[in-house]
Amino acid sequence: MRNYNHLYYFYVVAKLGGVTLAARQLNTSQSSLSTQLKTLEAHLDLTLFTREGRGLTLTTDGQAIFKICRKMFETATELDHYLSGREHLGHTTFSIGVSPDIERPFVTDIVSRTISQFLKDNDTGRPVITQVSFPFEKLVARLEMGDLDAIITSQPPHQPSIKTLSEIRLPVKGVMSPKLHRSFKTVLNDDRVGLVIAAQDLRLRWETDEFLVRKKVRKHIAFESNVMGALLRGAVDGMGLAFLPEAYIAREKERGAVIVSREPLWNHRLFLSARSLSAQEPQYHFLMALVHHLEEATN
C-alpha cells in the first residue's frame, strides 16, 4: 500500500510550486513537509524535485507521478464537493475568500446585492454563499486548489491559473471625529493629534506612509491595528486622524459619526480574482454579478 498522505503532500507542493505555500495550505511546518517529501522519494526510490534557486522543479519522474496524482486527487475533490453539496442540491454554491485588511461589512453588502440580483435573473433558488478570511498567500493557495471560487485581495495574484477579473480603485480620505472641531488640514498639521493607522504589514499602511512623507507630515501613532473596523472605531471615538477608503466609512459618514477630507488623498486598490469558469456553470453567473456590483459600489 502506498502512503496516500505522502502522495497528497507531493501533489500540493507540485501544484503550488513550492514548500512554503504548500505548508500554509496543509497547516504544517515547512521542515515537516520537506521530511515527508524525502520519505516519499526514499520509498519510491525516485527523485521527484530538483532545486532551482529558491524554487522546486519537477523531474521527469516527478512530472509523470504528478499527472497521476492530479487525476486521483482532483477526482476525489469532485466527489467531496458533490457529497458535501447534496444538502444544497439544486442551489448554486459559491465560496469567496477575503483578505483580512478589507472591511468585512463592505464585502458583505456587495455579496448581499449580488444575491438579490442573482435571484432576479435565475430560477435556481437562493444561492448558498460561503465567505471566509485568510492571509493573502493562503487565499491564493485555496483558490488554486479549488477550495474557493473567487478571492478579493489588496494585491493581485500572479499565478498563471488565476485571472484578475476586476481592479477596483477606492478613494482614500482623512477620517476623524467631529469631537476634534477642526478642519482636516488643521488636524493633519497639528502635532498634538496622533494617527489611527493601519499595521505595518498592510498595503494601506505603506500607502499612508508614502502620503505622509510626500506631505512632509510627522505625527505620532495613537492607535495601530490590522483590523479595518478597529481603525474606524478609533476615528469615531476621537483617538486621532485615520486614513481609510471612503467606501468603508459610508454608514458612519451618513449618520455624522465622522467627518472626512473634502478631496480624495489617493486611491487604494482591490482585486477580484478567480479561476477559469465555464459560462455554463451557475457559479460563473454569480461571479459576473459580483464583478458588476463590486465595480458599481466603488464608482
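Look a little higher up for the structure.
Let us look at the structure shown here.

Criteria and thresholds
Residues numbered from 1 in each chain as written. Predicted model: local features only at pLDDT ≥ 70, side-chain atom pairs only at ≥ 80, totals over all residues. Heavy atoms only, no water. Helix = DSSP H or I, 4+ residues; strand = E, 2+ residues; numbered from the N terminus. Buried < 20%, exposed > 50% of the residue type's maximum accessible area, 1.4 Å probe, protein only. Contact = heavy atoms within 4.5 Å. Areas by Shrake-Rupley, 256 points an atom, 1.4 Å probe, with all protein chains shown as cover. Lys, Arg positive; Asp, Glu negative; His and termini not counted. Charge placed at Lys NZ, Arg CZ, Asp CG, Glu CD. Core = buried A, V, L, I, M, F, W, Y, C linked by side-chain atoms within 4.5 Å. Salt bridge = Lys/Arg side-chain N within 4 Å of Asp/Glu carboxyl O. Phe/Tyr/Trp six-rings, centres within 6.5 Å; stacked < 30°, edge-to-face > 60°.

Moving on, we come to the overall build of the chain. Secondary structure assignment for the chain yields 11 helices and 11 strands. Across its three principal axes, the chain shows a C-alpha extent of roughly 75 × 50 × 25 Å. Expressed as a percentage of its 299 residues, the buried residues of the chain come to 44%. The contacts of the chain with a sequence gap of at least 6 include a subset with a gap of at least 24, amounting to 72%. Of the roughly 16,100 Å² that the chain leaves accessible, carbon and sulfur atoms contribute 49%. Treating the 37 positive side-chain charges of the chain as one cloud and the 33 negative ones as another, the clouds have centres 5 Å apart.

Let us look at the nonpolar core. Soluble globular proteins tend to bury their nonpolar side chains together. Residues Phe 106, Phe 243 and Leu 244 are the most contacted members of the largest nonpolar core, which totals 55 residues. For this core, the element with the most residues is helix H5 (residues 104-121), which contributes 6 residues. Of all hydrophobic cores here, the second largest spans 24 residues; its members include Phe 10, Val 13, Leu 21 and Phe 49.

Before going further, it helps to examine the side chain of Glu 207. Within the secondary structure, Glu 207 is located in helix H8 (residues 203-214). Despite its burial, Glu 207 remains without a salt bridge, the nearest opposite charge being carried by Arg 203 at 4.9 Å. In this view, Glu 207 contacts Trp 266, Asn 267, His 268 and Arg 269; residues no more than four positions away in its chain are not counted.

Moving on to the packing of aromatic side chains. Aromatic rings in a pair are described by how distant their centres are and how their planes are angled relative to each other. All told, the structure shown has 11 aromatic pairs when counted by the stated rule. Between Tyr 11 and Phe 66, the aromatic rings sit 5.9 Å apart at their centres with planes inclined by 20°, giving stacked as the arrangement. Taken together, the residues Tyr 11 in helix H1 (residues 4-16) and Phe 66 in helix H4 (residues 60-84) connect sequence positions 55 residues apart. A single burial state applies to Tyr 11 and to Phe 66, both of which are buried. Ring geometry for Phe 211 versus Trp 266: centroids 5.4 Å apart, planes at 40°, classification tilted. Taken as a pair, Phe 211 in helix H8 and Trp 266 in strand S11 (residues 266-275) lie far apart in primary sequence, 55 residues in all.

On the secondary structure map, Thr 114 appears in helix H5. Since its relative accessible area comes to 0%, Thr 114 is described here as buried. Sequence-distant contacts of Thr 114, that is, excluding residues within four places in its chain, are made with Phe 286, Ala 289, Leu 290 and His 293.

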